[in-house]
Amino acid sequence: MATRPGVRATDLPGSASALDEASVVSGVATGSGGGAGGASRWNRADLSALVRKPARWTVVAVALVFLAMLGHLLATSSSLQWSVVGHWFVNGGILAGLVRTLYLTAAAMAIGIVGGTVLALMRLSRSWVLSSAASAYIWFFRGTPLLVQILFWFNIASFVPRISIGVPFGPSFASASTNALVTTLVAALLGLGLNEAAYMSEIVRAGIVSVDAGQTEAALALGMTKRLTYRRIVLPQAMRIIIPPTGNQTIGMLKGTSLVSVISLPELLYSVQEVYARNFETIPLLVVASLWYLIVTSVLSVGQHFVERRFRRGQERDAKTTFRERLRSHQFSTTAPGHDVDIQADVHF
Amino acid sequence: MLRCINHLERPSSGRIYVDGQLIGNRLERGRFVELSANELAVQRRHIGMVFQSFNLFSHMTALGNVMEAPIRVNMEPKAEVERNARELLARVGLADKADAYPVQLSGGQQQRVAIARALAMRPKLMLFDEPTSALDPEIVGEVLDVMRGLANDGMTMVVVTHEMGFAREVSDRVVFMDGGVIVEEGSPDQVLGHPSHQRTRQFLSRITGATGDGGVEEPAEEAGGNGGVR
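The rules we used
Residues numbered from 1 in each chain as written. Chains lettered and ligands numbered in written order. Predicted model: local features only at pLDDT ≥ 70, side-chain atom pairs only at ≥ 80, totals over all residues. Heavy atoms only, no water. Helix = DSSP H or I, 4+ residues; strand = E, 2+ residues; numbered from the N terminus. Buried < 20%, exposed > 50% of the residue type's maximum accessible area, 1.4 Å probe, protein only. Areas by Shrake-Rupley, 256 points an atom, 1.4 Å probe, with all protein chains shown as cover. Phe/Tyr/Trp six-rings, centres within 6.5 Å; stacked < 30°, edge-to-face > 60°. Contact = heavy atoms within 4.5 Å. Core = buried A, V, L, I, M, F, W, Y, C linked by side-chain atoms within 4.5 Å. Axes fitted to C-alpha atoms, helices over the stretch in contact; angles between N-to-C directions. Parallel < 35°, antiparallel > 145°, perpendicular 65-115°, else oblique. Left-handed = near helix turned anticlockwise from the far one by under 90°. Nonpolar A, V, L, I, M, F, W, Y, C, P; charged D, E, K, R; others polar. pLDDT = per-residue confidence, 0-100.

Across its full length, chain A holds 15 helices and two strands. Sorting the 349 residues of chain A into buried and exposed places 36% on the buried side. When the accessible surface of chain A is totalled, it reaches about 19,300 Å², and 67% of it is carbon and sulfur.

To continue, consider the packing of aromatic side chains. All names here are of chain A. One pass over the structure, following the stated rule, counts six aromatic pairs over all chains. Relative to Trp292, the ring of Phe89 has its centre 4.5 Å away and its plane inclined at 5°; by these criteria the two rings are stacked. With a gap of 203 residues between them, Phe89 in helix α4 (residues 82–89) and Trp292 in helix α13 (residues 282–311) connect regions that are remote in the sequence. Taking the centre distance of 4.3 Å and the plane angle of 25° together, the rings of Tyr137 and Phe141 count as stacked. You can see Tyr137 and its partner Phe141 sitting in helix α6 (residues 128–143), four residues apart, about one turn around the helix. The class for Phe141 is buried, based on a relative accessible area of 10%.

Residue and element names in this part refer to chain B. Locating Thr132 in the fold gives a position in the loop between β6 (125–129) and α6 (137–152). Judged by its relative accessible area of 6%, Thr132 is buried. Between the alpha carbons of Thr132 and Glu163 there is a distance of 8.2 Å; along the sequence they are 31 residues apart. Ignoring sequence-local partners within four residues, the contact set of Thr132 consists of Val140, Val143, Leu144, Thr161 and Glu163.

All names here are of chain B. Ranked by size, the top nonpolar core spans 39 residues in total, and within it Ile115, Met126 and Phe128 carry the most contacts. For this core, the elements supplying multiple residues, two or more each, are α3 (62–72), α4 (78–91), α5 (107–119), β6, α6, β7 (156–160) and α7 (164–170). Among the elements that make up this core, the one with the highest residue count is α6 (seven residues). Discounting residues that sit within four places of it in the chain, Met126 has contacts with Gly48, Val50, Ile115, Ala118, Leu119, Leu150, Met155, Thr156, Met157 and Val158.

A few words now on unusual backbone geometry. All names here are of chain B. Phi is positive for His7, which is not a glycine, with a value near 60°. Counting through the fold element by element, His7 comes out in the loop between α1 (2–5) and β1 (17–18). The phi dihedral of Asp19 falls on the positive side, at around 55°, and the residue is not glycine. Positionally, Asp19 belongs in the loop between β1 and β2 (21–22). For Asp19, a relative accessible area of 55% translates into the label exposed.

A separate point is the packing of α4 of chain B against α5 of chain B. Residues and elements named next belong to chain B. Interhelical geometry of α4 versus α5 gives an angle of 140° and a closest axis separation of 9 Å. Looking at the two axes, α4 sits oblique to α5. Crossing of α4 over α5 shows right-handed handedness. In contact with Leu88, Leu89 and Arg91 of α4, α5 contributes Val113, Ala116 and Leu119. Per-class residue counts for the contact of α4 with α5 are five nonpolar, no polar and one charged.

All names here are of chain A. Taken residue by residue, chain A gives an average pLDDT of 79. The fraction at 70 or more is 75%. Helix α15 (residues 339–347) is the least confidently modelled element of chain A, averaging 38 in pLDDT, while α6 averages 95, the highest of any element. For residues 1–38, every residue scores under 50 in pLDDT, and the model assigns this stretch 33 contacts once sequence neighbours within four places are set aside. In this model, residues 330–349 is a region of pLDDT below 50 whose contacts with residues beyond four sequence positions or in other chains number 36 contacts.

In structure tokens, the structure reads:
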């Protein structure tokens, strides 16, 4: 292995071609951390790295300058008062808005997942009518902006004034005014949930298609019905493919709920808007909302990590069958027929 | 042909009877009507199948694979099913692998779990679709040993295989097929020892010369005690 000028092989443990790379990385770490320790290593390996990789070091320098500027702005800005942020961060009205945001996220994701699964099964159906109906739905709901859909549901009463249950084109047994039925909350849930169903259906479909046909064949050969095969064999395996993007969708949905502030539903964003409309502390209140969104998305990301790990079971050859794993696999086999219901519960936390 | 016996594939013509029961169809007013998906499922309960690519349920442990159908299909009590499943795993020599997932098992081990899974339904007939062709030659023996044990216990088996030595030793009747058509059939000694057909001879000489797998030919072989298939 050729040693480059400035880096002596004796300075570095082992001998690998990655030695230059490793010294550069450690240089970045010590550099941004204040660089007090390991001065001799810094001098030798990292100064030579600086000479060798000027572009990278230019970018690092620019980034550090911007970070410093941002820190300065956050600390000294007159419009951003941290005491105001602190005051409103735990305000009752805003916390109520946060709870509504969480509720909307969970409910809309539930509608999206159930609806998406139904749409995916329809699309995969051999029936021409079912699959094209699902395709048309997906085409429409993915092809129009979510904001427009929310406004549309909010104003549905002027399009369909009364909703009645009865024979189509015949007599009706019960009827109600659409305005009474589709409240702001219902409009928000319809807008978010039905739109989500279109996206979820593609995710579920990809998951189902990814399951090897041999699995279905083996289940059928054991005398399992098609329904049982789907529920016990295909869907649980499809989950591995479905779960990661569903986590992303949930995080997207959390932020997407802010769109329903346009129909005056007092979720997190609307709650802070209401406050800053009165006291004009726009920036601090937007920071309050942002901080809450950040906190919840961070929690969801951690949750997603654990759910994904759970569904990876049986996928890795070197998976350690720890005691907990075995305990879980035992639970898995003893769960009653409603097992796939748990799965869905896991998805939307 | 094997996949027609449990109606995973629809035969283009002809009828298959297993233990006197017509498979996949029903005679209704002088016409054959295909069974519904659920009726087919009922028929398949009595016919076990082992696949070339194992097809173990990858999200379940070995034990879970064996227990799945008796619990979900036959609604048998769980404790009893588990006892029986552990016995079956012990019978195929995998008692210690009950909690392993399929990816953690070798091909031969997976195939033995697959055999145990099929046996858990107490089938009247076992179908083996080239059970050893996806296996390492060194591992083939462990699967054949399990099958030999089954044959000795009197299980009716239909085996598609290229393992001529095994076929000769275990089977009651050998059928040689090529391009979906029976070329020759008879006792193992007759077909494999003194083949009358040129095509059979050609195949046998090639396969004994080669290491294991044949080529495009598809030799089918029937083995077993009661020979209930017609």
